[in-house]
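Listed below are the residues making up each chain.
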Amino acid sequence: MIVGVPKESFPGERRVALVPSVIPNLAKAGFEVAIEKGAGVEAGYPDAAYVEKGGKILADRATVFGTADIIAQVLCYGSNDKTGKADLPLMRREQVLIGFLRALGSREIVQEIAGAGVTSFSIEMMPRTTRAQSMDALSSMATACGYKAVLIAADVLPRFFPMLTTAAGTITPARVLILGVGVAGLQAIATARRLGAVVSAYDLRPAVKEQVQSLGARFVELPIEAKDAQDARGYASAQDDAFYARQRELLGRVVAENDVVITTAVVPGKKAPVLVTAAMVRGMAPASVIVDLASERGGNCELTRAGETVVESGVTIIGRINLASTVPYHASSLYARNVTAFLLHLVKDGKLNINLEDEIIRETLLTWGGELVNARVREFYSLPALPAKGSV
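Student: Hey, could you run me through the overall build of the chain in this one?
Tutor: On a plain count of helices and strands, the chain comes out with twelve helices and 19 strands. In terms of overall dimensions, the chain is globule-like: its C-alpha atoms have a radius of gyration of 22 Å, near the 21 Å expected for 392 residues. Across the 392 residues of the chain, 53% fall into the buried class. A fraction of 67% describes how many contacts in the chain between residues 6 or more apart in sequence connect residues 24 or more apart. A total accessible area of about 17,100 Å² is found for the chain, and carbon and sulfur atoms account for 52% of it. With 42 positive and 40 negative side-chain charges, the chain shows a separation of 2 Å between the mean positions of the two kinds.

Here it is in structure tokens:
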């Protein structure tokens, strides 16, 4: 079975779906790996490195799609709304597509993918279970984003992060607040602490308090309780408007005390909740910095503009998107390991094993046999449930 890796086509995307180091493991399981010429160069993986490990270099994108049984991408059509549609005519019926598909983003795009007849797996819908941990690409990319968000903030902030004792006197450390303590938030805490900042963090899920404290940060506790704070998949649940209004009211003073605020709160399939209002920004000290990792979903800061950096009331608000692509070498390496683990789980003895009793397969399978088959996605788009399908 041939796994094809086309070059990522989203503007500015530097990652690659598979790296040379995973090819021997895939070869042992009977896979051949075919890479589009130059696909890994921007991530730091030249064509020669793939060939050395047993990969095959193909001249162009059409040849990769025409040759491969399975296409592995980072941003597939769905996540790539800029140039991804050009891949549709290249796809073959029953070809397998694996990558970020943004299944809860656009019903029309998902149905276009289904109409192409491909069997697609949306890697971001991987269940957060122990069995699936090695395949959890969303967590891998969140790790990269949390790390890079702190470095960007440190670069823009006109202060040192650590406390420094010098002949000219002692410099007090920067104060950093992390809003949202998922994988990205935890990595942001760890990175800011390593740089010497005084770090605090808030999340509506009280269960993360111990994790925050284990990293040496202070957990901010507000006198407000979320209803069903965490869903069955381990993600923060959306709350009602009254909760968010009270939350913003209580967070105002906390935000004002910090030099840097990094926001990471997203709810799958929904607009990001506003945690930092324009009034809260005005209450921050001049030259403070906000890095909004939810900018692509509307932003946790009311003044965020997706893909832009703006200055309001002397506060720099950074709404950069696709931060994982700014550390492409290791982001690609992590993603490739996730995809490899998934491929080894999905294909047995050279045959596709779509076992719908397996939660990993069932939850990630998006389109199959010309239909949008994922129950969660169908419910999200208010589509009727499909009759039960057998496994193959």
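Student: Please clarify how the pairing of strand S5 (residues 96-100) should be interpreted in this entry.
Tutor: With five of five residues buried, S5 is to be regarded as a mostly interior element. By the bridge criterion, four bridges tie S5 to strand S6 (residues 119-122) in an arrangement that is parallel. When the bridges of S6 are listed, Ile-98 appears paired with Phe-121. With helix H4 (residues 107-115) bridging S5 and its parallel neighbour S6, the resulting β-α-β unit is right-handed.

Student: Whenever I open this one, the packing of aromatic side chains confuses me. Can you help?
Tutor: The description of two aromatic rings rests on the distance between their centres and on the angle between their planes. Considering all chains together, one arrives at five aromatic pairs under this definition. Plain terms: the ring middles of Phe-243 and Tyr-244 are 5.7 Å apart, the flat faces sit at 80° to each other, and that makes the pair edge-to-face. Both residues of the pair, Phe-243 and Tyr-244, count as buried.

Student: I tried to follow the pairing of strand S14 (residues 309-312) on my own but got confused; where do I start?
Tutor: A regular strand carries its side chains on alternate faces of the sheet. The pairing of S14 with strand S15 (residues 315-318) spans four bridges and is classified as antiparallel. Opposite Val-310, over in S15, you have Ile-317 as the bridge partner. Adjacent in sequence and paired antiparallel, S14 and S15 are bridged by two residues, among which Ser-313 carries a positive phi angle near 55°.

Student: Whenever I open this one, the sheet that holds strand S19 (residues 371-372) confuses me. Can you help?
Tutor: Reading across the sheet, the eight strands line up as S3-S2-S1-S4-S5-S6-S18-S19 and stay open at both edges, with mixed pairing between neighbours. Edge strands, defined here as strands with exactly one partner in the open sheet, are strand S3 (56-58) and S19. Here strand S2 (residues 32-36) pairs with S3 via three bridges, running parallel. Each residue of the ladder has a partner; that of Ile-35, found in S3, is Ile-57. The strands touched by helix H10 (residues 328-346) are strand S1 (2-5), strand S4 (70-75), S5 and S6; relative to S5, the strand with the most contacts, the crossing angle is about 145°.

Student: What should I look at first to understand helix H6 (residues 183-194) in this one?
Tutor: An α-helical turn contains 3.6 residues, so a residue and the one three or four places further along point in the same direction. When the terminal C-alpha atoms of H6 are compared, their 17 Å separation across twelve residues agrees well with the 16 Å that a helix rising 1.5 Å per residue should span. All of the buried residues along H6 are Ala-184, Gly-185, Leu-186, Gln-187, Ala-188, Ile-189, Ala-190, Thr-191 and Ala-192. Those residues of H6 that are buried are in contact with helix H5 (137-156), strand S9 (175-179), strand S10 (198-202) and helix H7 (209-214).

Student: Before we go on, may I ask you to explain the pattern of salt bridges in this structure?
Tutor: Once the charged atoms of two side chains with opposite charge are near each other, the side chains can pair. Counted according to the given criterion, the structure contains 14 salt bridges. Glu-36 serves as the salt-bridge partner of Arg-61, at 3.5 Å between the closest nitrogen and oxygen. Within this pair, whereas Arg-61 is found in helix H3 (residues 61-67), its partner Glu-36 is found in strand S2, the two being separated by 25 residues in sequence. Between Asp-203 and Arg-205 there is a salt bridge; the shortest N-O distance is 2.9 Å. For Asp-203, a relative accessible area of 7% corresponds to the buried category. Salt bridges sharing common partners tie together Glu-36, Arg-61 and Asp-87.

Student: What am I meant to see in the packing of H5 against H6 here?
Tutor: Relative orientation and spacing of two packed helices are given, respectively, by the angle between their axes and the distance between those axes. Remark: H5 packs on H6, axes separated minimally by 7 Å, with the N-to-C direction vectors making an angle of 40°. For the element pair H5 / H6, the angle class is oblique. Handedness of the H5/H6 crossing: right-handed. Contact with H5, carried on its side by Ser-139, Ala-142, Thr-143, Gly-146, Tyr-147, Val-150 and Leu-151, involves Val-183, Ala-184, Gln-187, Ala-188, Thr-191 and Ala-192 of H6 and no other residues of that element. For the contact of H5 with H6, a count of residues per class yields eight nonpolar, five polar and no charged.

Parameters and conventions
Residues numbered from 1 in each chain as written. Predicted model: local features only at pLDDT ≥ 70, side-chain atom pairs only at ≥ 80, totals over all residues. Heavy atoms only, no water. Helix = DSSP H or I, 4+ residues; strand = E, 2+ residues; numbered from the N terminus. Rg over C-alpha atoms; globule rule 2.2 N^0.38 Å. Buried < 20%, exposed > 50% of the residue type's maximum accessible area, 1.4 Å probe, protein only. Contact = heavy atoms within 4.5 Å. Areas by Shrake-Rupley, 256 points an atom, 1.4 Å probe, with all protein chains shown as cover. Lys, Arg positive; Asp, Glu negative; His and termini not counted. Charge placed at Lys NZ, Arg CZ, Asp CG, Glu CD. Pairing = 2+ DSSP bridges. Right-handed = clockwise from strand over helix to strand, strands pointing away. Phe/Tyr/Trp six-rings, centres within 6.5 Å; stacked < 30°, edge-to-face > 60°. Axes fitted to C-alpha atoms, helices over the stretch in contact; angles between N-to-C directions. Expected span 1.5 Å × (residues − 1). Salt bridge = Lys/Arg side-chain N within 4 Å of Asp/Glu carboxyl O. Parallel < 35°, antiparallel > 145°, perpendicular 65-115°, else oblique. Left-handed = near helix turned anticlockwise from the far one by under 90°. Nonpolar A, V, L, I, M, F, W, Y, C, P; charged D, E, K, R; others polar.

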